Amino acid sequence: MSLLFSANDTLDRAAIMRRGREVIRLETEALAQLELALDDGFIAACDLIFSANRRIVVTGMGKSGHIARKIAATFASTGTPAFFVHAAEASHGDLGMITPDDVIIALSWSGETVELKNLINYSRRFRIGLVAVTSDSESTLAKAADVAGKRRLGCATRLRTGSARRDQPRRRPAGHRGQGLGPLADVRDDQRQPRSTW
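Residues numbered from 1 in each chain as written. Predicted model: local features only at pLDDT ≥ 70, side-chain atom pairs only at ≥ 80, totals over all residues. Heavy atoms only, no water.

### Describing a nonpolar patch on the surface
A cluster of nonpolar side chains, L31, L34, L38, F42 and I43, forms an exposed patch at the surface whose accessible area comes to about 490 Å². Counting only elements with at least two residues in the nonpolar patch, the list comes to α1 (13-37) and α2 (40-50). In this structure, F42 sits in helix α2. (Patch = residues over 30% accessible without salt bridge, like charges linked within 9 Å, V, L, I, M, F, W, Y side chains within 5 Å. Areas by Shrake-Rupley, 256 points an atom, 1.4 Å probe, with all protein chains shown as cover. Salt bridge = Lys/Arg side-chain N within 4 Å of Asp/Glu carboxyl O. Helix = DSSP H or I, 4+ residues; strand = E, 2+ residues; numbered from the N terminus.)

So, in structure tokens, the structure goes:
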């Protein structure tokens, strides 16, 4: 069953059509708000990107990582040298692919993605341009960046109801929402595995 519907929804043609139109309306509203939100920060981000002597490095985790990968592919296909760096892999050697001549575009909905910490520190240490795309202008990522752009969530995630919304942190325990759960907070006693002692 689609997560766009709660367990109590009747999957009839009218309900599916209403939900489809609602998703499109949310996306349209988000784009309209983004248009109005463009300011000098957008120009500053473009200046930083255009000034890169080598490549655009795009990074993120989870859904932001998927979007970052697509952005890098689009840059490359239009003649701008660009590639995607997995935020978690960056801390295990992939930081070496990034040079002071590059510019990093980091995507994170919360701006508090733990896996981006080392990449942020690396960019500051070696004075590598950093553009943040996040929903929180007061987040760690936004404050560390040379330029921070705000993005809004205009997608089906906002439409999830009931158990689908409550279960989202369980499906993404490393995400900002999931971090609010303790490691064993929601595990019943009969589900706990005995601790290995050796």
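### Brief notes about the pattern of salt bridges
Applying the stated criterion across every chain yields a total of 6 salt bridges. D102 is paired through a salt bridge with R55; the nearest N and O atoms lie 2.7 Å apart. With a gap of 47 residues between them, D102 in the loop between α4 (87-90) and β3 (103-107) and R55 in the loop between α2 and β1 (56-60) connect regions that are remote in the sequence. Comparing D102 with R55, the two get one shared label, buried. Shared partners join several salt bridges into a network, and the residues in it are R19, E22, R25 and E29. (Buried < 20%, exposed > 50% of the residue type's maximum accessible area, 1.4 Å probe, protein only.)

### As for the side chain of T134
Mapped onto the elements, T134 comes out in strand β4 (residues 129-134). A residue is classified by how much of its surface remains accessible, and T134, at 2% relative accessible area, is buried. From its side chain, T134 meets the backbone oxygen of S108 in a polar contact 2.9 Å long. Polar contacts involving the side chain of T134 include one to the main-chain amide nitrogen of D136, which spans 3.3 Å. (Polar contact = N/O pair within 3.5 Å; in protein donor to acceptor, adjacent residues only side chain to side chain.)

### Concerning the packing of aromatic side chains
Throughout the structure, instances matching the rule amount to 1 aromatic pair. Ring centres of Y122 and F126 lie 4.9 Å apart, and the angle between their planes is 55 degrees; on these two criteria the pair is classed as tilted. Residue class for Y122 comes out buried when judged on its relative accessible area of 19%. Accessibility expressed as a relative area gives 35% for F126, which makes it partly exposed. (Phe/Tyr/Trp six-rings, centres within 6.5 Å; stacked < 30°, edge-to-face > 60°.)

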